[in-house]
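Chain by chain, the residues:
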Amino acid sequence: LGHNITFDNPSTESIGQSGSITLTQPSSGGPYTASWGTQYLWAGGTAPTLSTTANYVDRIDYVVVAADKIHCVASLAMD
């Protein structure tokens, strides 16, 4: 990450599409944040707070379950 980032709702997603988003805090500067569009759905209804430690990695795994629903899970504070 080099700045705060926003993941807007996609317009070309396909049901069954999946992947991972890897976010790494820089060794200097930051910490930076991420915000998520309304199609990104999280257990408990709230997006996680990213790690703030330099060089820590957060991984967001996702799967598109409907045209407007992206189920997400986070693995946080990986170093």
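Since the structure is predicted, the reported quantities are computational estimates derived from the model, not experimental observations.

> It is not clear to me how the packing of aromatic side chains should be interpreted in this structure. Could you clarify?
Two numbers describe a pair of aromatic rings. These are the distance of the centres and the angle of the planes. With the rule as written, the count across this model stands at 3 aromatic pairs. Look at Phe7 and Trp36: their rings are 4.3 Å apart centre to centre, the planes differ by 10 degrees, and that puts the pair in the stacked class. Remark: Trp36 occurs in strand β3 (residues 34-36) and Phe7 occurs in strand β1 (residues 5-7); sequence separation between them is 29 residues. As far as the burial class goes, Phe7 and Trp36 line up, both buried. Ring centres of Trp36 and Trp42 lie 5.2 Å apart, and the angle between their planes is 70 degrees; on these two criteria the pair is classed as edge-to-face. The same class applies to Trp36 and to Trp42, which are both buried. Grouping aromatic residues by their ring pairs yields a cluster made of Phe7, Trp36, Tyr40 and Trp42.

> How should I be thinking about unusual backbone geometry in this particular structure?
Excluding glycine, a negative phi dihedral is what most residues carry, and trans is how most peptide bonds are arranged. Although it is not a glycine, Asn55 sits at a positive phi angle of roughly 70 degrees. Turning to its location among the elements, Asn55 is positioned in the loop between β4 (40-42) and β5 (57-66).

> Can you walk me through the sheet that holds β4 in this structure?
Strand pairing in a sheet relies on backbone hydrogen bonds. The paired strands run either parallel or antiparallel. Overall, mixed pairing links the 4 strands, which are arranged β2-β5-β6-β4 in an open sheet. Two strands close off the open sheet at either side, each with one partner strand: β2 (18-24) and β4. Neighbour-to-neighbour, the strand axes of this sheet turn through a mean angle of 35 degrees, independent of strand direction. Note: β5 against strand β6 (residues 69-78), 8 bridges, orientation antiparallel. By the bridge assignment for β6, Val57 is matched with Met78.

Rules of the game
- Chains are numbered independently. Their residues run from 1 in the order of the written sequence.
- Residue-level local features of this predicted model are given only where pLDDT is at least 70; pairs of side-chain atoms are given and counted only at 80 or more, and the full residue set underlies all totals for whole chains, interfaces and linings.
- The side-chain values count all of the structure's non-hydrogen atoms but skip hydrogen atoms and water molecules.
- Note on aromatic contacts: the rings of Phe and Tyr and the six-membered ring of Trp form a pair at centre separations within 6.5 Å, being stacked when their planes are under 30 degrees apart, edge-to-face when over 60 apart, and tilted otherwise.
- Secondary structure elements are defined from DSSP: runs of H or I of at least 4 residues count as helices, runs of E of at least 2 residues count as strands, and each element is numbered from the N terminus.
- The buried label goes to any residue with under 20% of its type's maximum accessible area, the exposed label to any with over 50%, and the partly exposed label to all in between, with areas taken from a 1.4 Å probe on protein chains only.
- When DSSP finds two or more bridges between a pair of strands, those strands are recorded as paired.
- Only the contacting stretch of a helix is used when fitting its axis, a line to C-alpha atoms as for every element, and angles between N-to-C directions run 0 to 180 degrees.

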